[in-house]
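Listed here are the chains, written in short residue letters.
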Amino acid sequence: MAAGGTASAAASEVVRDVVNAAVASVAAKQQQTEVVSAASAAAIKETASEAAQRLRGELGQDSRIVCILGGTSFQGAESEALVRAIAAKLGTAMGPKAKFVTGGMAG
């Protein structure tokens, strides 16, 4: 029983370390994103509200604007197929007034 308990404790410690590393990684990426977002906003000099108004003007006042955010590349083998399937269903479900806006990058 003691050996099993020791193995279980060691496994729990490994899981805790992996979770802590993942949380730290996500926090670092979020901080990088905030810096990039702030720099982009400063460069564009357009508030979110102004951007929404501009998009409605360009796409039509009755448009339902959906912003799609993501990485610059697909991370898993099934990621691209999953994104395509979701996009097809989402477009159909939302109808012709839906306008999808991305950052313009592949992925």
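Please refer to the structure higher up on the page.
Residues numbered from 1 in each chain as written. Predicted model: local features only at pLDDT ≥ 70, side-chain atom pairs only at ≥ 80, totals over all residues. Heavy atoms only, no water.

Colleague: Hey, could you run me through the pairing of strand 1 (residues 64-67) in this one?
Modeller: On any regular strand, side chains alternate: one points to one face of the sheet, the next to the other face. Sheet analysis places strand 1 next to strand 2 (residues 98-101), joined by four bridges and oriented parallel. Within strand 2, the position partnered with Val66 by the bridge is Phe100. The handedness of the strand 1 to strand 2 crossover, carried by helix 3 (residues 79-94), is right-handed. (Pairing = 2+ DSSP bridges. Helix = DSSP H or I, 4+ residues; strand = E, 2+ residues; numbered from the N terminus. Right-handed = clockwise from strand over helix to strand, strands pointing away.)

Colleague: Quick question: what am I supposed to make of the pattern of salt bridges here?
Modeller: Pairing between side chains becomes possible if they bear opposite charge and their charged atoms approach one another. According to the stated counting rule, one finds three salt bridges in the structure shown. We note a salt bridge from Lys97 to Asp62, for which the minimum N-O separation is 4.0 Å. Linking Lys97 in the loop between helix 3 and strand 2 with Asp62 in the loop between helix 2 (48-59) and strand 1, this pair joins segments that are 35 residues apart in sequence. Accessibility expressed as a relative area gives 43% for Asp62, which makes it partly exposed. A salt bridge links Arg84 to Glu80, with the shortest nitrogen-to-oxygen separation between them at 2.9 Å. Taken as a pair, Arg84 and Glu80 lie in helix 3 at a separation of four residues, close to a single helical turn. (Salt bridge = Lys/Arg side-chain N within 4 Å of Asp/Glu carboxyl O. Buried < 20%, exposed > 50% of the residue type's maximum accessible area, 1.4 Å probe, protein only.)

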